[in-house]
Amino acid sequence: MAHFVLEYSANILPETLDLQTLFAKLHQVAVDTGLFPLKGIRSRAYACHEYRLADGNPEHIFVHLTVLLGAGRSLEERERAAKSFFQVLEAHFASCFSRGVAMSFEMKELEPVLKYNKNNLQDYL
């Protein structure tokens, strides 16, 4: 399981966001790590319309990527994956750094006892 949850300021242009391209790259990197089965990878994004960054300049933007993981991977494996995911995020939004950008990333491992899944996607891949 790797779930990508992107929050971003609503002032980013759609052509800059290009979310399906970003999601495709993140999914491929996740598969390439060998740590995440394709059937458990999901992405979603939420625009934030009410926000304030630093001095309130309306030209500033932010992107924050959270990756939620199922338990069971070593710290070294998680760190390697996290670096790869952040590299994708950085590259995707590189053109934005001609203005004020707040980019952040976090990876969270979910508690295995309190997490439930039911998934038949493998039957349709």
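One can find the structure itself at the top, above this paragraph.
Residues numbered from 1 in each chain as written. Predicted model: local features only at pLDDT ≥ 70, side-chain atom pairs only at ≥ 80, totals over all residues. Heavy atoms only, no water.

*Asks:* What am I meant to see in the nonpolar core here?
*Replies:* Soluble globular proteins tend to bury their nonpolar side chains together. The biggest cluster of nonpolar side chains holds 25 residues, and the ones touching the most others in it are Phe4, Phe36, Phe85 and Phe93. When contributions to this core are tallied by element, the ones reaching two or more residues are β1 (2-9), α2 (19-32), β3 (61-69) and α3 (75-92). Per-element accounting of this core gives the leading share, five residues, to β3. Contacts of Phe36, omitting those with residues within four sequence positions, involve Met1, Ala2, Ala30, Val31, Ile41, Leu69, Arg73, Ala81 and Phe85. (Core = buried A, V, L, I, M, F, W, Y, C linked by side-chain atoms within 4.5 Å. Buried < 20%, exposed > 50% of the residue type's maximum accessible area, 1.4 Å probe, protein only. Helix = DSSP H or I, 4+ residues; strand = E, 2+ residues; numbered from the N terminus. Contact = heavy atoms within 4.5 Å.)

*Asks:* Would you mind showing me how to read the pattern of salt bridges here?
*Replies:* Charged atoms that come close allow side chains of opposite charge to pair. Scanning the entire structure with this criterion turns up one salt bridge. In this structure, Glu79 and Lys83 form a salt bridge, with 3.7 Å as the shortest nitrogen-oxygen distance. On the criterion of helical spacing, the pair formed by Glu79 and Lys83 is a turn pair, its members being four residues apart in helix α3. (Salt bridge = Lys/Arg side-chain N within 4 Å of Asp/Glu carboxyl O.)

*Asks:* In this structure, what is going on with the side chain of His92? I would like to understand it.
*Replies:* As for its position among the elements, His92 is in helix α3. His92 gets classed as buried once you look at its relative accessible area, which sits at 12%. At 2.6 Å, the side chain of His92 forms a polar contact with the backbone oxygen of Leu17. The contacts of His92, once residues within four sequence positions are left out, are Thr16, Leu17, Asp18, Thr21, Leu22 and Lys25. (Polar contact = N/O pair within 3.5 Å; in protein donor to acceptor, adjacent residues only side chain to side chain.)

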